[in-house]
Amino acid sequence: MARYIDAKCKLCRREGMKLFLKGQRCFTDKCAVSRRDYPPGVHAQKRTKVTDYGVRMREKQKLKRIYGVWEKQFKLYFREAERMKGNTGENLMALLERRLDNVVLASGFALSRNHARQLVNHGHFTVNGKWVDVCSFTVRPGDVVAPHAKQEKIRKSVAEALEVNKSQPVPAWLEVNRDNLSARVVAMPRREDVPHPIQEQLIIELCSK
């Protein structure tokens, strides 16, 4: 499987916004976007003209990089969103929000998206008491996500992450129990629950051609 191994801050600088790929560091003065608010590369500052296609492509790239999905995965999500009832853009955002790695991150159980993916991939989380090690697993209302009950070291790590992330708001569609370290999906995520400033209509215009 392909994997991005370059500096993650370059992705934020390329998109011109914080993608929050490095957790709490993104909220400090060390954030690369705050210090160098221009794209990476020797000639990046000379690039001024952006076409309509380029604007739409950048929106798609932002969304893919925020959720950590590759092009093939993204196309599958888009096709599924098209088949669902309702607005395709809102359906797409909801599908990405319901990924298991995103639930772990949004609940405050991990320090960054990469951390959340590592925890899930290594089998440290369960859904409704059943072991799940697939980051793209889609949760549904009523599902309960929690670290494995018998892994005390991981539960301690999750508790520490919750303490670090205590100032970050939890989405309304999730209900986090800090005492037993669990998160319950209480509803389907709505567009207003998605914190990222993405113009999904531009993405739909690009992918529908």
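Coordinates for the structure precede this section.
Residues numbered from 1 in each chain as written. Predicted model: local features only at pLDDT ≥ 70, side-chain atom pairs only at ≥ 80, totals over all residues. Heavy atoms only, no water.

## So, the overall build of the protein chain
Then comes step 1: Per the secondary structure count, the protein chain includes nine helices and five strands.
Then comes step 2: Each helix (α) and strand (β) of the protein chain, taken in turn from the N terminus, gives the series α-α-α-α-α-α-α-β-β-β-α-β-β-α.
Then comes step 3: Residue pairs in contact within the protein chain that sit at least 24 positions apart in sequence constitute 56% of those at least 6 positions apart.
Then comes step 4: Working note: accessible area of the protein chain is about 12100 Å², and carbon and sulfur atoms make up 51% of it. (Helix = DSSP H or I, 4+ residues; strand = E, 2+ residues; numbered from the N terminus. Contact = heavy atoms within 4.5 Å. Areas by Shrake-Rupley, 256 points an atom, 1.4 Å probe, with all protein chains shown as cover.)

## A short note on the nonpolar core
The tendency in soluble globular proteins is for nonpolar side chains to be buried side by side.
Then comes step 1: Leu100, Val104, Phe109, Phe125, Val139 and Val145 are the most contacted members of the largest nonpolar core, which totals 23 residues.
Then comes step 2: Elements supplying a minimum of two residues to this core: helix H6 (100–106), helix H7 (113–121), strand S1 (125–127), helix H8 (152–164) and strand S5 (182–185).
Then comes step 3: Sort the elements by how many residues they give to this core and H6 lands first, with four residues.
Then comes step 4: Apart from residues no more than four positions distant in its own chain, valine 139 is found in contact with Arg98, Leu100, Val103, Val145, Trp173 and Val185. (Core = buried A, V, L, I, M, F, W, Y, C linked by side-chain atoms within 4.5 Å. Buried < 20%, exposed > 50% of the residue type's maximum accessible area, 1.4 Å probe, protein only.)

## Observations concerning the pattern of salt bridges
Then comes step 1: On inspection of all chains with the given rule, the structure shows eleven salt bridges.
Then comes step 2: By sharing partners, the salt bridges in this structure join Lys60, Lys64 and Glu71 into a single network. (Salt bridge = Lys/Arg side-chain N within 4 Å of Asp/Glu carboxyl O.)

## A look at the packing of aromatic side chains
Then comes step 1: Applying the stated criterion across every chain yields a total of one aromatic pair.
Then comes step 2: Between phenylalanine 109 and phenylalanine 125, the ring centres sit 5.9 Å apart and the planes meet at 25°, which makes this aromatic pair stacked. Here the residue phenylalanine 109 occupies a position in the loop between H6 and H7, and phenylalanine 125 occupies one in strand S1, the gap between them amounting to 16 residues. Neither phenylalanine 109 nor phenylalanine 125 differs from the other in exposure class; each is buried. (Phe/Tyr/Trp six-rings, centres within 6.5 Å; stacked < 30°, edge-to-face > 60°.)

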